[in-house]
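Coordinate analysis (summary)
Chain by chain, the residues run as shown.
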Amino acid sequence: MRLSDFKQAIKIRWKIVQSCTIFGLKESLAYSLNNWGNLASMVLYMVTYLIFLDVLFGKVNRIAGYNYSEMLFFTLIVQINFYLLFIFTQGNVETLDQSINSGELDLWLAKPVPDLWFVSFRKINLGELFFSALPATIPLLVILSGRWNDFKMPLGGIIAGLICIFLGQIIIHCFQFIIGMTAFFTGEGKKAMSMSVELSVFGDAIPLEGYPTWLKYIGLTVIPFIIHTALAASFFLGKNTNYNYLWYVFGLAIAFLVLKVMAWKFALRHYSSASS
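Residues numbered from 1 in each chain as written. Predicted model: local features only at pLDDT ≥ 70, side-chain atom pairs only at ≥ 80, totals over all residues. Heavy atoms only, no water.

Our next topic: the overall build of the protein. Within the protein one finds 12 helices and zero strands. A globule of 276 residues ought to have a C-alpha radius of gyration of about 19 Å, and the protein, at 20 Å, matches this closely. Summarising its shape, the C-alpha atoms of the protein cover approximately 60 × 45 × 40 Å along the three principal directions. The buried share among the 276 residues of the protein stands at 44%. Across the protein, every contact between residues at least 6 apart in sequence was considered, and the portion connecting residues at least 24 apart equals 80%. (Helix = DSSP H or I, 4+ residues; strand = E, 2+ residues; numbered from the N terminus. Rg over C-alpha atoms; globule rule 2.2 N^0.38 Å. Buried < 20%, exposed > 50% of the residue type's maximum accessible area, 1.4 Å probe, protein only. Contact = heavy atoms within 4.5 Å.)

Attention now moves to the nonpolar core. In this structure, Ile226, Ile227 and Leu231 are the most contacted members of the largest nonpolar core, which totals 47 residues. When residues of this core are traced back to their parent elements, those giving at least two are α2 (32–56), α3 (68–102), α6 (126–145), α7 (155–180), α11 (227–236) and α12 (244–269). When sequence neighbours within four positions are dropped, the list of residues in contact with leucine 231 reads Cys164, Leu208, Leu220, Ile226, Asn240, Tyr245 and Val249. Counting residues in each nonpolar core, the second largest holds 18 residues, with Phe118, Phe177, Ala263 and Ala267 among its members. (Core = buried A, V, L, I, M, F, W, Y, C linked by side-chain atoms within 4.5 Å.)

On the secondary structure map, serine 69 appears in helix α3. A distance of 3.0 Å separates a polar atom in the side chain of serine 69 from a polar atom in the side chain of arginine 147. Every residue in contact with serine 69, bar those within four places of it in the chain, is listed here: Leu144, Arg147, Asp150 and Phe151. (Polar contact = N/O pair within 3.5 Å; in protein donor to acceptor, adjacent residues only side chain to side chain.)

Glancing now at the environment of leucine 231. Within the secondary structure, leucine 231 sits in helix α11. Residues leucine 231 and isoleucine 206 lie 25 residues apart in sequence; the distance between their C-alpha atoms is 11 Å.

This paragraph deals with the pattern of salt bridges. Going through the model one piece at a time under the given rule, you end up with four salt bridges. Here glutamate 70 and lysine 239 are joined by a salt bridge, their closest N and O atoms 3.4 Å apart. Of the two residues, glutamate 70 sits in helix α3 while lysine 239 sits in the loop between α11 and α12, which places them 169 residues apart along the sequence. For glutamate 70, a relative accessible area of 13% gives the class buried. Each of Arg62, Glu70 and Lys239 takes part in a single network of salt bridges with overlapping partners. (Salt bridge = Lys/Arg side-chain N within 4 Å of Asp/Glu carboxyl O.)

So, on to α3. With 35 residues, α3 extends 48 Å between its outermost C-alpha atoms, agreeing within 8% with the 51 Å of an ideal straight helix rising 1.5 Å per residue. The largest bend in α3 comes to about 45°, at phenylalanine 86. By the criterion of burial, α3 is predominantly enclosed, with 26 of the 35 residues buried. Residue asparagine 67 occupies the N-cap position of α3, its side-chain oxygen lying 3.2 Å from the main-chain nitrogen of serine 69. Residue glycine 103 follows α3 closely and has a positive phi angle near 90°. (Expected span 1.5 Å × (residues − 1). Bend = angle between axes of the 7 residues up to and from the residue.)

A separate point is α12. For α12, which comprises 26 residues, the first-to-last C-alpha distance of 38 Å matches the rise-based estimate of 38 Å (1.5 Å per residue) to within 8%. The complete set of buried residues in α12 reads Leu246, Val249, Leu252, Ala253, Phe256, Lys260, Ala263, Trp264 and Ala267. Those residues of α12 that are buried are in contact with α3, α4 (105–109), α5 (115–121), α7, α8 (183–186) and α11.

Moving on, we come to unusual backbone geometry. Positive phi, close to 55°, is recorded for alanine 64, a residue that is not glycine. Turning to its location among the elements, alanine 64 is positioned in the loop between α2 and α3. Residue class for alanine 64 comes out partly exposed when judged on its relative accessible area of 33%.

What follows is about the packing of aromatic side chains. Counting across every chain of the model gives 15 aromatic pairs. For the ring pair phenylalanine 73 and tryptophan 148, a centre distance of 6.3 Å and an interplane angle of 80° mean the geometry is edge-to-face. With a gap of 75 residues between them, phenylalanine 73 in helix α3 and tryptophan 148 in the loop between α6 and α7 connect regions that are remote in the sequence. Residue classification places phenylalanine 73 among the buried positions, given a relative accessible area of 5%. Overall, the relative accessible area of 40% leaves tryptophan 148 in the partly exposed class. Measuring from centroid to centroid gives 6.2 Å for phenylalanine 82 and phenylalanine 86, while their planes differ by 20°, and the two rings are stacked. One end of the pair, phenylalanine 82, and the other, phenylalanine 86, are both in helix α3, four residues apart, so they sit about a helical turn from each other. Accessibility expressed as a relative area gives 32% for phenylalanine 82, which makes it partly exposed. (Phe/Tyr/Trp six-rings, centres within 6.5 Å; stacked < 30°, edge-to-face > 60°.)

Structure, rendered in structure tokens:
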């Protein structure tokens, strides 16, 4: 590929992300009642979970080696990742399923746009982030604000944690999309999509150190539910200093990206349009 072609490809993809982000924000503003409903449910969940943690740590001092402050921070990492998945991945998998089921996908496949890139970032709802996710996190941040002195986060751990969140999001994004592509063969993939979401958040209540070895292997390979939450939090808090994990996570991200592209090409070759 020539340099000019590469620059053009990057430009097109950036314009797609930019346009989809603006449209998603306008869409969320147009349906403000949905934002209030999401905000209420997220705040209720957060307050309920914080009460649960408070009651739990009234009975025990540590869970899997994590004290109360560390579990609060772990919860923050879990929530950040959940919101990122909800905003950037889940909506797009749902939209792909609807497009396959209705035959609308045919329209986009006929247009001169990078199809996989488009379906991956078609729905980016920053309104959910600004009007629901961030406000719902305030109770947790308020409690954490008086406990930052309890943490001794090494710089290397902070960098490693951020890398795990970034690469973990890519991995779990690909994981959900690959499962979501089963709709190409079944015509409807809501059950498969729900399963992928449940598997993605399977480890959201358990720190890395609380997993048995065999479950860690699963969570770091075929069902990568550990990397973006438990592994990231462990790095942040300095409980894990094995930075060789980062090479593995980077390789896993590349592998999942390749698998996603291969799955997409395979699915298109066997795609039978709902409109045909």
